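# Topology and contacts: notes
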Amino acid sequence: MKILVTNDDGIFAEGLWMLVEALRDMAQVAVVAPDREQSAIGTAVTLRQPLRVRKIKPPVPEVEAYSVEGTPADSVILALGKLIKDKIDMIVSGINQGPNLGDDVFISGTVSAALQGYLHGLPALAISATNADSLNLKEAAKFAVLMVKGISSNPLAADALLNVNLPGLPLAKVKGVKITTLASKSHTDTVEEGHDGKHAYYWLVRQKVNRGALKTTDIGAIEQGHISITPLHSNLKSKSSSSTIEDLCAKLLDDLRELANTKRRGI
Ligand code: MN
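The rules we used
Residues numbered from 1 in each chain as written. Predicted model: local features only at pLDDT ≥ 70, side-chain atom pairs only at ≥ 80, totals over all residues. Heavy atoms only, no water. Helix = DSSP H or I, 4+ residues; strand = E, 2+ residues; numbered from the N terminus. Rg over C-alpha atoms; globule rule 2.2 N^0.38 Å. Buried < 20%, exposed > 50% of the residue type's maximum accessible area, 1.4 Å probe, protein only. Contact = heavy atoms within 4.5 Å. Areas by Shrake-Rupley, 256 points an atom, 1.4 Å probe, with all protein chains shown as cover. Donors = N, O, S within 2.8 Å, 3.2 Å for Na, K, Ca; no water. Pairing = 2+ DSSP bridges. Salt bridge = Lys/Arg side-chain N within 4 Å of Asp/Glu carboxyl O.

### Quick notes on the overall build of the chain
Each helix and strand counted, the chain has six helices and 11 strands in total. Against the 2.2 N^0.38 benchmark of 18 Å for 267 residues, the chain shows a C-alpha radius of gyration of 18 Å, consistent with a compact globule. Principal-axis analysis of the C-alpha atoms places the extent of the chain at approximately 60 × 45 × 40 Å. The burial tally for the chain puts 51% of its 267 residues in the buried class. In the chain, once contacts between residues fewer than 6 apart in sequence are set aside, the share between residues at least 24 apart is 77%. Summed over all atoms, the accessible surface of the chain reaches about 13,000 Å², with 52% contributed by carbon and sulfur.

Okay, structure coming up:
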């Protein structure tokens, strides 16, 4: 199996290489990602200027890696259309440093990179860690491996697009895995005003949303300490696909219990 890993935090982001390191034991991994942070760039593609690409020396050995002077969506389009010669079986975008929940999914570069995979007919995961610290990123990378294993043994529809968010908890402490819908809330709807002496200026501010999101939504699941998996394509709501995801969730729960037991036994 060959997995394309990308992100929106830039090719040198910690979360990306933790993901690569974790996946590389079970699959061939190629990396194509923006050369700099592109968070909140959404689905943007670059059509009015050329895209420069650089092959980089990866921090994880034996991984083919390219940085793209463009957006996350550009990176995936280039990877699939030109850079990676082998057949790609799955796209994993992340691990994003911070959540991608509710309405913010529509501005997320992480989700948009996965969306490009989906648009090319590939199973695609966007994975985000609510806490941007190394611990949470590493736990999310471990969970990504469980997901990829689960999906490869029990394939989802080829064009599945799943948005996955982890709460800021170690895997051994998460309450469960929930299939959710997007909450109608945004973390990025606050405007702050300042004045530089001549002109007013404005900041769009990211903040924690108020509590009280519905339990069935992604924000609700995270607030309650669950891992949230949101299928972002309407076909996935059809009965057969949804039960496949339910099976995957049940398996992931078993995996997490197993992990917790291993930890308790101090192995
Ligand atoms: Mn990001």
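### A closer look at the coordination of the manganese ion
Looking at the manganese ion, one finds its protein donor set to be Asp8 (OD), Asp9 (OD), Ser39 (OG) and Asn96 (OD1), positioned 2.1 to 2.3 Å from the metal centre. In the primary structure, the donors to the manganese ion are separated according to the pattern D-D-x29-S-x56-N. You can see Asp9 sitting in the loop between strand 1 (2-6) and helix 1 (14-23) and its partner Ser39 sitting in the loop between strand 2 (28-34) and strand 3 (53-55), a full 30 residues away along the chain. By relative accessible area, Asp9 is classed as buried at 11%.

### Things to note about the pairing of strand 4 (residues 64-68)
In terms of burial, strand 4 is a largely internal element, four of the five residues being buried. Two elements, strand 2 and strand 4, share five bridges in a ladder whose sense is parallel. Looking at strand 4, one finds that Ala30 is bridged to Glu64. For strand 3 and strand 4, the ladder comprises three bridges, and the chain directions are antiparallel.

### As for the pattern of salt bridges
Evaluated as defined, the whole model comprises seven salt bridges. Linked through salt bridges whose partners overlap, the residues forming this network are Lys2, Glu64 and Asp86.

### Regarding the environment of Gly121
Relative to the helices and strands, Gly121 is located in the loop between helix 3 (109-119) and strand 6 (124-129). You can call Gly121 partly exposed: its relative accessible area is 35%. Those residues in contact with Gly121 that lie beyond four places of it in its chain are Ala158 and Asp159.

### Concerning the environment of Ala113
Locating Ala113 in the fold gives a position in helix 3. For Ala113, a relative accessible area of 0% corresponds to the buried category. Between the C-alpha atoms of Ala113 and Val92, which are 21 residues apart in sequence, the distance is 8.6 Å. For Ala113, the residues in contact, after removing those within four places along its chain, are Thr6, Pro72, Val76 and Ser93.

### Quick look at the environment of Leu101
Within the secondary structure, Leu101 sits in the loop between strand 5 (90-97) and helix 3. Separated by 98 residues in sequence, Leu101 and His199 place their C-alpha atoms 34 Å apart. Not counting chain neighbours up to four residues away, the residues in contact with Leu101 comprise Asn165, Lys185, His187, Asp218, Ile219 and Ile222.

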